[in-house]
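The primary structure of each chain is shown beneath.
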Amino acid sequence: SISSKKDRALIIRGEAFKHVTSSQHNTELLVTISKACKTVIACRVIPSQKAEFVKLFGHSKTLAIGDGANDVSMIRQANVGVGIKGKEGREAVNSADFAIGP
């Protein structure tokens, strides 16, 4: 029984996300599982998956952190977007709610 979100987190890599979201049934199952988690984290996702990930989990509060132009759609889709100033340019910072870095 999944009764408490207190100690549950879901971390999904880009390749696994691609596999799961190739089927509507599996996508719905992923969303159901995510609702039993306090935190859902995507890592090593390709640019086209970033906004898709945030949109899929839009039933919750979402935070997106990025440092380049390929992160802009994800940052804009999230409830809160954070742009990191750095070598990648200013696109992420200009699209974000908050900016961090030198």
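Presented here is a report on the structure given in the accompanying data block. As the structure is a computational prediction, the values presented were derived from the model and not from experiment.

1. A look at the nonpolar core
Grouped together as the largest cluster of nonpolar side chains are eight residues: Leu10, Ile12, Phe17, Val20, Leu30, Cys37, Phe53 and Phe57. Among the elements of the structure, β1 (9–13) and α1 (14–20) are those that each provide at least two residues to this core. Excluding its chain neighbours within four sequence positions, the residues that come into contact with Leu30 are Leu10, Ile12, Phe17, Val20, Leu56 and Phe57. Met74, Ala78, Ala92 and Ala96 belong to the second-largest nonpolar core, a separate cluster that totals seven residues.

2. Describing helix α2 (residues 24–34)
Counting along an α-helix, one turn takes 3.6 residues, and residues three or four places apart therefore face a common direction. Residues of α2 that are buried include every one of Thr27, Leu30, Val31 and Ser34, and no others. The buried residues of α2 all sit within an arc of 95° when viewed along its axis, so they share a single face. Exposed residues lying more than 90 degrees from the buried face of α2 are His25 and Thr32. Those residues of α2 that are buried lie in contact with β1, α1, β2 (39–43) and α3 (47–56). The opening residue of α2 is Ser23, an N-cap whose side-chain oxygen sits 3.3 Å from the backbone nitrogen of His25.

3. Thoughts on the side chain of Thr27
Mapped onto the elements, Thr27 comes out in helix α2. Of the residues examined, Thr27 reaches a relative accessible area of 11% and is grouped as buried. Apart from residues no more than four positions distant in its own chain, Thr27 is found in contact with Val20, Thr21 and Leu56.

4. Some words on α3
Along α3, the residues classified as buried are Gln49, Lys50, Ala51, Phe53 and Val54. Looking at the buried side of α3, the elements it contacts are β1, α1, β2 and α4 (72–77).

5. Some words on the pairing of β1
In β1, alternate side chains face the same way, and those of Leu10 and Ile12 are buried while those of Ala9, Ile11 and Arg13 on the opposite face are not. Pairing of β1 with β2 involves five bridges; the strand directions are parallel. Bridging across to β2, Ile11 finds its partner in Ile41.

6. Some details on the sheet that holds strand β4 (residues 80–84)
Taken together, the three strands give an open sheet; going across it, the order is β3-β4-β5, and neighbouring strands pair in parallel fashion. Here the strands that pair on one side only, and so sit at the sheet edges, are β3 (63–66) and β5 (98–100). Along the sheet, successive strands turn relative to each other by an average axial angle of 20°, direction set aside. One ladder, built from three bridges, connects β4 with β5; its direction is parallel. Residue pairing in the sheet places Gly83 in a bridge with Ala99 of β5.

Cut-offs used in this document
- Residues numbered from 1 in each chain as written.
- Predicted model: local features only at pLDDT ≥ 70, side-chain atom pairs only at ≥ 80, totals over all residues.
- Heavy atoms only, no water.
- Core = buried A, V, L, I, M, F, W, Y, C linked by side-chain atoms within 4.5 Å.
- Buried < 20%, exposed > 50% of the residue type's maximum accessible area, 1.4 Å probe, protein only.
- Helix = DSSP H or I, 4+ residues; strand = E, 2+ residues; numbered from the N terminus.
- Contact = heavy atoms within 4.5 Å.
- Arc of directions from axis to C-beta.
- Polar contact = N/O pair within 3.5 Å; in protein donor to acceptor, adjacent residues only side chain to side chain.
- Pairing = 2+ DSSP bridges.
- Axes fitted to C-alpha atoms, helices over the stretch in contact; angles between N-to-C directions.

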